[in-house]
Amino acid sequence: MKQTRYTVTLLAAMIAAALAQVQAATPEHAASTATTRAASDATAQSTSTPDTQAKKKTRDKKKQSESFTELQAVTVTPLRQSLESAQSIKRDARMVVDSVVAEDIGKLPDNTVADALQRVTGVQVAQGFTGETSTVVVRGLPNVVTTLNGREIFNAGGRQFSFQDLPATAVSALKVYKTTDAQMVTGGIAGTVDIRTFRPFDFKGRKIAATLTGVHQKYGGHTDPTASLLVSNRWKTADHGEFGALLNMGITTMHYDYNAAFVDDNLTRVLTDGSGNPVRTSNGNLIVGPNSFGANYNTGWRKRPEANYALQWKPNDSTEMYLEGMYTWLSEKYDQPFYGTVPVNVVTPTQVTAGAPCFPIGLTSSPYAGQTICPLSGAQFNGNFYAFTSTQAHQDWGHNSQNAFGIKWHGENLTLSSDLSHNASSYENDNFVVDQFMDAYNTPLSFNYNAPNSFNFPGNPQLDPSRFYLNGLYQQWNNNKATQTAWRGDGNYYFGGNFVSSLDFGLRYADTEVKATGASLGMGPPGGAYLADGSPNPANNVYNLFGDSYFCQIPRIPVVPDGAITGCYDYLKNNADALRTYYGLPTGKLPAQKGQYFNIGEKTLSAYAQINYANELFGIPYDGLIGVRVEKVKRNLNAYTFDTASSLYSPIGLNTDETNVLPNATFNLHFTDQLQMRLSAGKTIQYPAFGQLNPSLTLSPATANTIATGGGGNPNLQPTKSNSYDATLEWYFSDVGSVTGGVFYHDITGYIENYTFEENINGTNYLISGPKSAGKGHLDGVELAYTQFFSFLPGAWSGLGVQANYTYIDSQLKTPSQIDDGFVTTSFQNVSKNNYNLVLMYEKYGFSARLAYNYRSRYPEFFLAASSVLGNNAQMYDEPANMLDLSLSYDVNKHLTVVLNATNLNHANFHSYAGPGTGLPQDYRYQDRSVGLGVRLKL
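Here the structure is a predicted model, which means the values were calculated and not measured.

**Student:** Explanation requested: the overall build of the protein chain in the structure shown.
**Tutor:** Counting secondary structure elements, the protein chain contains 8 helices and 48 strands. A total of 939 residues make up the protein chain; the buried ones form 57% of that total. Sequence separation of at least 24 residues holds for 73% of the intrachain contacts in the protein chain that already meet a minimum separation of 6. Taken as a whole, the protein chain presents about 36500 Å² of accessible surface, with 57% of it coming from carbon and sulfur.

**Student:** It is not clear to me how the state of the cysteines should be interpreted in this structure. Could you clarify?
**Tutor:** Cysteine pairs can be covalently joined through their sulfur atoms, and such a bond is termed a disulfide. According to the stated counting rule, one finds 2 disulfides in the structure shown. With its sulfur 2.0 Å from that of its partner, Cys358 forms a disulfide with Cys374. The disulfide joining Cys358 to Cys374 has a torsion of about 105 degrees about its S-S bond and is therefore right-handed. One end of the pair, Cys358, is in the loop between strand S15 (349–354) and strand S16 (359–360); the other, Cys374, is in strand S17 (residues 372–374), with 16 residues separating them in the sequence. Residue classification places Cys374 among the buried residues on the basis of a relative accessible area of 3%. Across the disulfide, Cys552 is cross-linked to Cys568 (sulfur-sulfur distance 2.0 Å). Looking down the S-S bond of the Cys552 and Cys568 bridge, the torsion is 100 degrees, so its handedness is right-handed. A residue pair is termed long-range when its members are at least 10 positions apart, and Cys552 in strand S25 (residues 551–553) and Cys568 in the loop between strand S26 (565–567) and helix H7 (569–574) qualify at 16 residues. Its relative accessible area of 8% is what places Cys568 among the buried residues. Assigning the bonded cysteines of the protein chain consecutive numbers by sequence position, one obtains the connectivity 1-2, 3-4.

**Student:** Could you clarify how one ought to interpret the packing of aromatic side chains in this entry?
**Tutor:** Between two aromatic rings, the relevant description is the distance of the centres plus the angle of the planes. A complete count under the given rule lists 36 aromatic pairs for this structure. Seen in terms of ring centroids, Phe293 and Phe447 are 5.5 Å apart; in terms of plane orientation they differ by 40 degrees. Their pairing is tilted. Of this pair, Phe293 sits in strand S13 (residues 293–316) while Phe447 sits in strand S21 (residues 445–450), and the two are 154 residues apart along the sequence. We classify Phe293 as buried; its relative accessible area is 0%. Centroid distance Tyr842 to Phe847: 6.4 Å. Interplanar angle 50 degrees. Geometry classified as tilted. Of the residues examined, Phe847 reaches a relative accessible area of 33% and is grouped as partly exposed. Of the aromatic side chains, those joined through ring pairs into one cluster are Phe293, Tyr339, Phe381, Phe447, Tyr449, Phe455 and Phe457. Against the face of Phe744 rests Arg139, its NZ or CZ located 4.2 Å from the ring centre. Taking the ring centre of Tyr322 as reference, the NZ or CZ of Arg199 above it sits at 5.4 Å.

**Student:** For this particular structure, what's the right way to read the sheet that holds S15?
**Tutor:** Within a sheet, adjacent strands bond to each other through the backbone by hydrogen bonds, running parallel or antiparallel. If you trace the 4 strands from one edge of the open sheet to the other, you get S15-S18-S21-S22, paired in antiparallel fashion. Of all strands in the sheet, those bounded by a partner on one side alone are S15 and strand S22 (454–456). On average, each strand axis in the sheet is inclined to that of its neighbour by 5 degrees, with strand direction left out of account. As defined by bridge partners, strand S18 (residues 376–383) adjoins S21 across 6 bridges and the pair is classed as antiparallel. Within S21, the residue paired with Asn382 across the bridge is Ser446.

**Student:** Explain the confidence of the model for the protein chain to me, please; I cannot follow it from the model alone.
**Tutor:** Low pLDDT marks regions whose predicted coordinates should not be analysed in detail. Per-residue confidence for the protein chain gives a mean pLDDT of 86, with 89% of residues at or over 70. In the predicted structure, residues 1–59 sits below a pLDDT of 50 and forms 114 contacts with residues beyond four places in sequence or in another chain. A low-confidence stretch, residues 61–76 (pLDDT under 50), is modelled with 12 contacts involving residues beyond four sequence positions or located in other chains.

**Student:** Honestly, a nonpolar patch on the surface in this entry has me stumped. Any pointers?
**Tutor:** The grouping of Leu212, Phe847, Tyr890, Val892, Val898, Leu900, Val931, Leu933 and Val935 at the surface amounts to a nonpolar patch, some 730 Å² of accessible area in total. Elements represented by at least two residues in the nonpolar patch include exactly strand S45 (896–903) and strand S48 (930–938). At 3 residues, S48 tops the list of elements feeding residues into the nonpolar patch. Residue position: Val931 is located in strand S48.

**Student:** What is the right way to read the pattern of salt bridges from this model?
**Tutor:** Side chains bearing opposite charge may pair, as long as their charged atoms lie close to each other. In the structure shown here, the tally under the stated rule is 30 salt bridges. With its nearest N and O atoms 2.9 Å apart, the salt bridge here joins Asp885 to Arg119. Of the two residues, Asp885 is situated in strand S44 (residues 884–891) and Arg119 in the loop between helix H5 (113–117) and strand S2 (123–127); the sequence distance between them amounts to 766 residues. Residue Asp885 is classed as buried on the basis of its relative accessible area, which comes to 9%. When salt bridges that share partners are traced, they join Lys90, Asp98, Arg139, Lys178, Asp726 and Glu783 into one network.

**Student:** Help me understand the pairing of strand S6 (residues 171–177), please; the structure alone is not making it clear to me.
**Tutor:** One face of the sheet, then the other: side chains in a regular strand alternate in exactly this way. Most of S6 sits inside the fold, with 7 of its 7 residues counted as buried. By the bridge criterion, 5 bridges tie strand S1 (residues 97–101) to S6 in an arrangement that is antiparallel. Directly across from Asp98, in S6, lies its bridge partner Val176. By the bridge criterion, 6 bridges tie S6 to strand S7 (residues 191–197) in an arrangement that is antiparallel.

**Student:** Honestly, the sheet that holds S7 in this entry has me stumped. Any pointers?
**Tutor:** On the basis of which strands lie adjacent, the open sheet formed by 5 strands has the order S1-S6-S7-S4-S5 and mixed pairing. Taken across any chain shown, the strands that pair with only one partner, and hence form the sheet edges, are S1 and strand S5 (151–152). Alignment of strand S4 (residues 144–148) against S5, held across 2 bridges, turns out to be antiparallel. If you follow Thr147 over to S5, its bridge partner there is Glu152.

**Student:** Explain the nonpolar core to me, please; I cannot follow it from the model alone.
**Tutor:** It is characteristic of soluble globular proteins that their nonpolar side chains tend to be buried jointly. Counting 49 residues, the largest nonpolar core has Val434, Tyr550 and Val560 as the members making the most contacts within it. When residues no more than four places from it in sequence are discounted, the contact partners of Val434 are Ser390, Thr391, Leu470, Gly472, Leu473, Tyr550, Leu572, Leu579 and Tyr583. Of all hydrophobic cores here, the second largest spans 37 residues; its members include Leu148, Ile153, Ile748 and Tyr751.

Calculation criteria
Residues numbered from 1 in each chain as written. Predicted model: local features only at pLDDT ≥ 70, side-chain atom pairs only at ≥ 80, totals over all residues. Heavy atoms only, no water. Helix = DSSP H or I, 4+ residues; strand = E, 2+ residues; numbered from the N terminus. Buried < 20%, exposed > 50% of the residue type's maximum accessible area, 1.4 Å probe, protein only. Contact = heavy atoms within 4.5 Å. Areas by Shrake-Rupley, 256 points an atom, 1.4 Å probe, with all protein chains shown as cover. Disulfide = S-S within 2.5 Å. Phe/Tyr/Trp six-rings, centres within 6.5 Å; stacked < 30°, edge-to-face > 60°. Lys NZ or Arg CZ within 6 Å of the ring centre and 35° of its normal. Pairing = 2+ DSSP bridges. Axes fitted to C-alpha atoms, helices over the stretch in contact; angles between N-to-C directions. pLDDT = per-residue confidence, 0-100. Patch = residues over 30% accessible without salt bridge, like charges linked within 9 Å, V, L, I, M, F, W, Y side chains within 5 Å. Salt bridge = Lys/Arg side-chain N within 4 Å of Asp/Glu carboxyl O. Core = buried A, V, L, I, M, F, W, Y, C linked by side-chain atoms within 4.5 Å.

In structure tokens:
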């Protein structure tokens, strides 16, 4: 925390310098400053008081007067305007908030909402296995509540929204609230991300805008279209006020090819020969034996259509009514083949070499505990051992929708609003898997491994169809559905007092229901995979059964250049019933199983009150708010529990209720028009995800590439709670120029993390995963940000600009030990200590450019299996792909713009390692590169 202390000292010095400026300021300036700051809306439902409106108008008029000369020389271009809007939101907000504002209709800085969020100070993202950003964390925490125009929105089965479901063309702004106030929807200890869509009253009159872009993925090998169309208009009538209507539609499509080579260093052991004797180095050290070696390929195609609409009616100056909604859909098909082998401790390795660093075995139950062991850096395995290919044929589909009706009214001192909304979400995944293995009994295999992730089979037997024999067939489907009907009423009463200026108050009621169903089943081939003598069952030779049409080539990657063959996606999907019949299974979809069912109903009633205050302290204006939100939650759960001894499911019904009191306070001190300080404190809460509350245990048999696994939830999980504190110092030296710094501290109890342990159930060893509540912890850090356009430079240089931000995060958490011997102290998972963004910008003469680099340091992802030779509750660490992206555009005229986007210019890839060093590699994932060329049209 030395870095945190240094930054606090720096902030103190800046405050002292600011106070010196204030003392030198004229009384007129100080009085003017007191009238130029007021509390701004916290969310789409926040109310605006008369004093807020008056102060904002005063500030805006002053700003226009002071900036008139400069504006004659500097054209307000889309990029500058978006940064100015984001800066205004941050400066005028009642809380700590950062934003990304669309540069133009359909133009966020990045191709997707999730990618755009990574440009926000303190926000980190990560890609999943299907070629897109799928994880968003704020200040190291994934516990974020998502709102759409101020209303809660979430995906089926969880409490968070998948940002990748919403195309960037639908969004006008993204606001990341890092502190809270009483008006805001609860549910995120990390903060709130509010997604703003366009409304017809956002525009002066008729507006038509369209985009069309072709995006080419290097590994995906296709150029896919992305398109959007927005049509909006507003009309004034003599007798019925003003009407507005907007329709925005879009679609994104993508072929992707996301591939990885892996060494399974999650499950490790001591390397032995074929007789169980340990293999040692020349100086007597032991050597790590990875569980397996292999490659995982993810090749697919997805489309995401989207539509949102908004109707607004303003019958008079004091009343506005609206009806708006949003729909997204997902359709995805992807092939996930695996290719690998499990030779360790089956045959005696030769040509063994060991790497570094070596370490003492930390697994106390090991007979070699405490002895020095070194990573395996190379070996050859010869003989009869298991080698396989496998195809997982996935098909996903789902939707999200939200519709809302509301009314807003304001009088002289009273403002009221009402909003009724309905959310619906669904998601289904269907997976059909067939494994096959190579004959190593009649013709022994030879396998070479070279660290960190390269391997091959000499002679390429993995390309010979006649060498493969059927192993297991596995099928699974899951369906999740969620609905929520919510109403909220908000108000503000303006007192106009010298200290307490107004009172915010409101109620919210939400009725949520989440359902999950599914099934899974694994089956070995008829007659068994092997005969009694250990040879492959000849009746299950794949080539003799299905011929060449069954096989497809697995993609080649640099570290596994020879590739392999496996079952084709289309063959498995088109012949699923025939394959089921061959395995002796019923045709068609599996019937739903008790172990994957749960139904949770949740009713939430909230009430809040919050005072807004403002005055002066030694001639320095200040303002802020003090509030409290009281929330009562009633939850009923229906599911099934699993008895591992009898393997029977029993129904369970559980009803719970709880009441939480969430206070908050903010103090904003305005040294000058340009320099201000914020102090904020509040209590926040995160309820467990619905799936984490499911008490059942779902078991999956071993497949060609995984051991038997299981997973379940815990109905007794308690909410995660945080007492959060923030302090910022913000200097706004121009319309698009600022330097801001801040420190934050979260005191967290009951943080929920996923844990993995091994358990023997009816003679089978399963790797079981599930959520547990950890003990107390804290997360603290520093944020620094700088933005400036160098408008003072001569000529073409005046179009140059820079954005830079940095976040340092330190954390500690008491968490249950992997071997159930108490608690251990570790850092939070998925938290990078060092994070920064560097953006070089240019905008002039109709030309706009952004070159952006995003960096986050390595972070722990999950605890290794308890049997890992590392022991000591070791974790898997990820080194993310830190990418350089480029965005270019040129205005052909006022109606037409040509755009060019490119991602991952620096060929960054993802790495993961078992333990804190790099000696035990896990994944090497190839991040794709993309280039997009398109046009934007405005009328």
